[in-house]
Amino acid sequence: MDNKDFRGRGREMEVKRRTARSLVARLSSVSEQTRAEALSELRLISKHEDDSRPLIAEAGAVPYLAETLYSTSHDSQENAAATLLNLSISSRESLMSTRGLLDALSHALQHASTSTPPAAVQSCAATLHSLLVVDSYRSIIGSKRDIVHALTQIVKNPNSPPRSIKDSLKALFGIALYPLNRNTMIELGVVQPLFALIVRDGRVGIVEDATAVVAQIAGCEESEEAYVRAGGVRVLMDLLDVGTGTSMRIKENAVAALLNLVSTGGEKVGREVREMAATAVDGVVEVAEGGSTKGKSKAASLLKIIEGPNNGVRDSRKLIYTCHTHIHT
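Residues numbered from 1 in each chain as written. Predicted model: local features only at pLDDT ≥ 70, side-chain atom pairs only at ≥ 80, totals over all residues. Heavy atoms only, no water.

In the annotation of an unreviewed UniProt entry, the entry for the chain reads U-box domain-containing protein 4, and the organism field reads Tripterygium wilfordii.

Peer 1: Can you help me understand the domain arrangement of the chain in this one?
Peer 2: Where interface size is quoted, it is often the accessible area lost as the parts come together. On domain assignment, one finds that the chain holds domain 1 (34–86 + 98–188) and domain 2 (191–308). Placing a centre on the C-alpha atoms of domain 1 and another on those of domain 2 gives a separation of 30 Å. On the domain 2 side, the residues contacting the 18 residues of domain 1 number 19 residues. Roughly 1,600 Å² of surface becomes buried between domain 1 and domain 2 when both sides are summed, with 71% attributable to carbon and sulfur atoms. Looking at the side of domain 1 facing domain 2, the largest losses of area belong to Leu 169, Arg 182 and Ile 186, adding up to 36% of the total buried there. Summed over the shared surface of domain 1 and domain 2, the result is 2 salt bridges. The residue Lys 166 makes a salt bridge to Asp 209 at a minimum N-O spacing of 2.6 Å. Secondary-structure elements contributing two or more residues to the side of domain 1 that touches domain 2 are helix 10 (145–156), helix 11 (162–176) and helix 12 (179–187). Class assignment of the residues belonging to the side of domain 1 that touches domain 2 gives a composition of 11 nonpolar, 3 polar and 4 charged. (Domains from an automatic or database assignment. Contact = heavy atoms within 4.5 Å. Buried area = accessible area lost by both parts, 1.4 Å probe. Salt bridge = Lys/Arg side-chain N within 4 Å of Asp/Glu carboxyl O. Helix = DSSP H or I, 4+ residues; strand = E, 2+ residues; numbered from the N terminus. Nonpolar A, V, L, I, M, F, W, Y, C, P; charged D, E, K, R; others polar.)

Peer 1: Help me understand the pattern of salt bridges, please; the structure alone is not making it clear to me.
Peer 2: Once the charged atoms of two side chains with opposite charge are near each other, the side chains can pair. On inspection of all chains with the given rule, the structure shows 19 salt bridges. For the salt bridge of Glu 49 with Lys 16, the shortest nitrogen-to-oxygen distance reads 3.9 Å. In this pair, Glu 49 sits in the loop between helix 2 (32–48) and helix 3 (53–58) while Lys 16 sits in helix 1 (residues 3–26), placing the two residues 33 residues apart along the sequence. A salt bridge links Arg 229 to Glu 225; the nearest nitrogen and oxygen atoms lie 3.3 Å apart. With Arg 229 and Glu 225 both in helix 15 (residues 223–229) and 4 residues apart, the pair spans about one turn of that helix. In terms of burial, Arg 229 and Glu 225 fall into one category: exposed. One continuous salt-bridge network, built from bridges that share partners, spans Lys 166, Lys 170, Glu 208, Asp 209 and Arg 249. (Buried < 20%, exposed > 50% of the residue type's maximum accessible area, 1.4 Å probe, protein only.)

Peer 1: I tried to follow the layout of surface pockets on my own but got confused; where do I start?
Peer 2: With a probe scaled to a water molecule rolled over the atoms, the places where space remains empty come into view. Here the largest pocket defines a volume of roughly 390 Å³. What lines the largest pocket is a set of 17 residues, among which Phe 173, Ala 212, Ala 215, Gln 216 and Asn 253 lie closest to the centre. Breaking the lining of the largest pocket down by element, the ones donating at least two residues are helix 11, helix 14 (204–217), helix 17 (248–264) and helix 20 (293–306). Counting residues per element, the lining of the largest pocket draws most heavily on helix 17, at 5 residues. (1 Å grid on protein atoms, 1.4 Å probe; cavity = no way out; pocket = protein on both sides within 12 Å on 5 of 7 lines; lining within 4 Å. Points joined across faces, edges and corners; volume = space filled by probe spheres on them.)

Peer 1: Please clarify how helix 5 (residues 74–88) should be interpreted in this entry.
Peer 2: For the α-helix, the turn length of 3.6 residues means that residues three or four positions removed from each other point alike. Its 15 residues give helix 5 an end-to-end C-alpha distance of 21 Å, which sits within 8% of 21 Å, the value for a rise of 1.5 Å per residue. Counting buried residues in helix 5 gives 11 out of 15 residues, a clear majority hidden from the surface. Burial in helix 5 covers these residues: Ser 76, Gln 77, Asn 79, Ala 80, Ala 81, Ala 82, Thr 83, Leu 84, Asn 86, Leu 87 and Ser 88. Looking at the buried positions of helix 5, the neighbouring elements they touch are helix 2, helix 3, helix 4 (61–68), helix 6 (92–96), helix 7 (101–110) and helix 8 (118–131). (Expected span 1.5 Å × (residues − 1).)

Peer 1: Before we go on, may I ask you to explain helix 17 in this structure?
Peer 2: If you check helix 17, its first and last C-alpha atoms are 24 Å apart, about what 17 residues at 1.5 Å a residue would give, namely 24 Å. In terms of burial, helix 17 is largely enclosed, as 12 of its 17 residues are buried. Inspection of helix 17 places Ile 250, Lys 251, Glu 252, Asn 253, Ala 254, Val 255, Ala 256, Ala 257, Leu 258, Leu 259, Leu 261 and Val 262 among the buried residues, and these make up the whole buried set. Against the buried residues of helix 17 lie helix 14, helix 15, helix 16 (232–240), helix 18 (267–276), helix 19 (281–290) and helix 20.

Written out as structure tokens, the structure is:
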């Protein structure tokens, strides 16, 4: 870039900086119409102009946007939530350092079935998922029990829009990536709704996301009792039945969940897995032969476990040998 282009770029950024400051200043106007117009413009700019996002955050927009999530205006809520989602792509620190932001997101999610419009709910859940990309934020967000509870209620509610469920599942997955959050999620009752969703929902994308959360939560000692109580082992085995026609991703998640359960649980769940293995072994072999690298490894490990004595799985040694040969060639 020569000096002329550099100066031109500098002038362009200065115009965008002034625009951001002007719009953010209008968010504090006593006029509701002025605030609404500014919110609408900020949403569009933050969506289409990547380099304007940090400028909007630097201009102090985040506290106003968070406050607007408490508004009674659905349009304002939707615009504020969408703008926060756009800013979360490149200005995560600005969001997390804003006092009250997580409380505002929680408020919007807690009222998903009453005063918060679906579009705002979806943007708030997606914002959390975006923030959870940062490892250090997972413990902070996961410690907010009201957020975990609100996301669980959205997943649990049969009347929740599919997009709201999907975005909530993605946020729950991000929370579950931090090991110490998993027990909290179990305490708040997330396991039963997840398995209920897997059983009743035929949409592949939603079942894939739900099983991904199930696989993560299974990686803690407290998961065994909750999964047994929810009939989780049977559900996971059914997903691995080749007759169900589930996707490879769902099968890989089921394998990961079962392996985590057996690894962290006691003999009870291990015995239950081995007893039910006859219906699922072909699905596990399918993952071991055609899954991702990680999926193949987990499937091979699970096959070793279900090969245990008196499990009723015929030719399992041959199957395991075949899988290991396939993996290492």
